[in-house]
Amino acid sequence: MLRCKMLLWQLALRLSYHVVPASLCLGGSDIFVSIRENSPMGQFISNLSIRGEPRDNTIRLCLTGDSADWFYLEGRTIRLNASASRVLDREVLGSVLIAELTCFQDDVIQSRFRIVVEILNENDNRPNFLQETIQPFSISELTAVNSVVFSVKAVDADGDMISYIIDQSSRDADFFRIDLPNSGNLVLNKPLDYESRTELQVILWAQEANTVEKFNTSAVLIVNIEDRDDLYPHFLPCTPVSPGLPVCMNPTYTTNITQRHQDAVLEFSPGPIRAEDGDRGINTPLIYSILSGADQGRFEINNRTGEIRITRAVNNRRRETNFTLSVMVTTLLPV
Ligand SMILES: [Ca+2]
Ligand SMILES: [Ca+2]
Ligand SMILES: [Ca+2]
Ligand SMILES: [Ca+2]
């Protein structure tokens, strides 16, 4: 019996001799933390809770993974590896950095942890207009008031909401309004008139709606007004019926003819019979015609130039005769 006890003791002694000490890499865990965008070099990320101290040279820590170069180790502390030329930019990197930390002891992998760092957004971008939405554009002078004539769009890399504002100090601000602050739709506020203005300019602001900083940006919008056929032609020279009113009195053209005038173009005063269209931007061709007084073909008009020709000489027995002709001009409407 005594011999048996001695054997058991020897066995127990041998067993305890083979127990391996717990790894110094144990005790750590996956890391999930958040840091602010644009955090400085050396920003604290997290402490490691492994048992060992890497300085002792018994264990070795190794960072791997896509975002590993954004971190460095200082003992058991993980810090941010950024610099002035390499800032932590959420708009470029995305919202999460992911890396792995492997712990070796005697060059044998003992444990592996995930490092997941969320980058918290900072408002570090201004809104920007999409260039294609602020190019000069054209609208008809007959565009209905209260209709949407144009849409602008700005984007903010931080994802901020944007409101659009017409700068009331800009020259033609009163021609437009924004229908809803966030829409960027420009609505025509009052009638256009090519004959008085052929181009409008308005300054637009795009401003952050949801931030404290209210960063903004501006753009000059140029609006060309297209002429439409909304005015009659008039004879020249034009004498306005009253000052400032774009309506002309019809001039009276006079000339003297003698019995010798035959098959000849007549020259009138105060000038040749000539008209122009009120719509100067569309240059519609004009058609001249004699409404009355042609005296059975004695007078003919060139319907494109307005020139009047006398085809038959006047009767020499009729002295001091007046001929009164009425001449009309119309625009040749495009088919
Ligand atoms: Ca940024
Ligand atoms: Ca940002
Ligand atoms: Ca922003
Ligand atoms: Ca017009």
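If you check an unreviewed UniProt entry, the protein appears there as Cadherin domain-containing protein from Perca flavescens. Comment text from UniProt for the protein, heading Subcellular location (unreviewed entry), reads "Membrane".

### What about a negative patch on the surface?
The grouping of Asp 193, Glu 195, Asp 229 and Asp 230 at the surface amounts to a negative patch. In this fold, Asp 229 is placed in the loop between strand S16 (216-226) and strand S17 (233-235).

### Details of the pattern of salt bridges
Following the criterion strictly, the structure yields 12 salt bridges and no others. In this structure, Arg 171 engages Asp 172 in a salt bridge whose closest nitrogen and oxygen atoms are separated by 3.2 Å. For Arg 171, a relative accessible area of 54% corresponds to the exposed category. For Asp 263, the salt bridge is made with Arg 309, and the minimal N-O distance between the two is 2.9 Å. Highlighted residues: Asp 263 in the loop between strand S19 (248-249) and strand S20 (264-265) and Arg 309 in strand S24 (residues 308-310), separated in sequence by 46 residues. The class of Arg 309 is partly exposed, set by a relative accessible area of 31%. The network of salt bridges with shared partners includes Arg 171, Asp 172 and Arg 197.

Thresholds applied
Residues numbered from 1 in each chain as written. Chains lettered and ligands numbered in written order. Predicted model: local features only at pLDDT ≥ 70, side-chain atom pairs only at ≥ 80, totals over all residues. Heavy atoms only, no water. UniProt positions renumbered as here; feature names shortened; annotations may be inferred. Patch = residues over 30% accessible without salt bridge, like charges linked within 9 Å, V, L, I, M, F, W, Y side chains within 5 Å. Areas by Shrake-Rupley, 256 points an atom, 1.4 Å probe, with all protein chains shown as cover. Salt bridge = Lys/Arg side-chain N within 4 Å of Asp/Glu carboxyl O. Lys, Arg positive; Asp, Glu negative; His and termini not counted. Charge placed at Lys NZ, Arg CZ, Asp CG, Glu CD. Helix = DSSP H or I, 4+ residues; strand = E, 2+ residues; numbered from the N terminus. Buried < 20%, exposed > 50% of the residue type's maximum accessible area, 1.4 Å probe, protein only.

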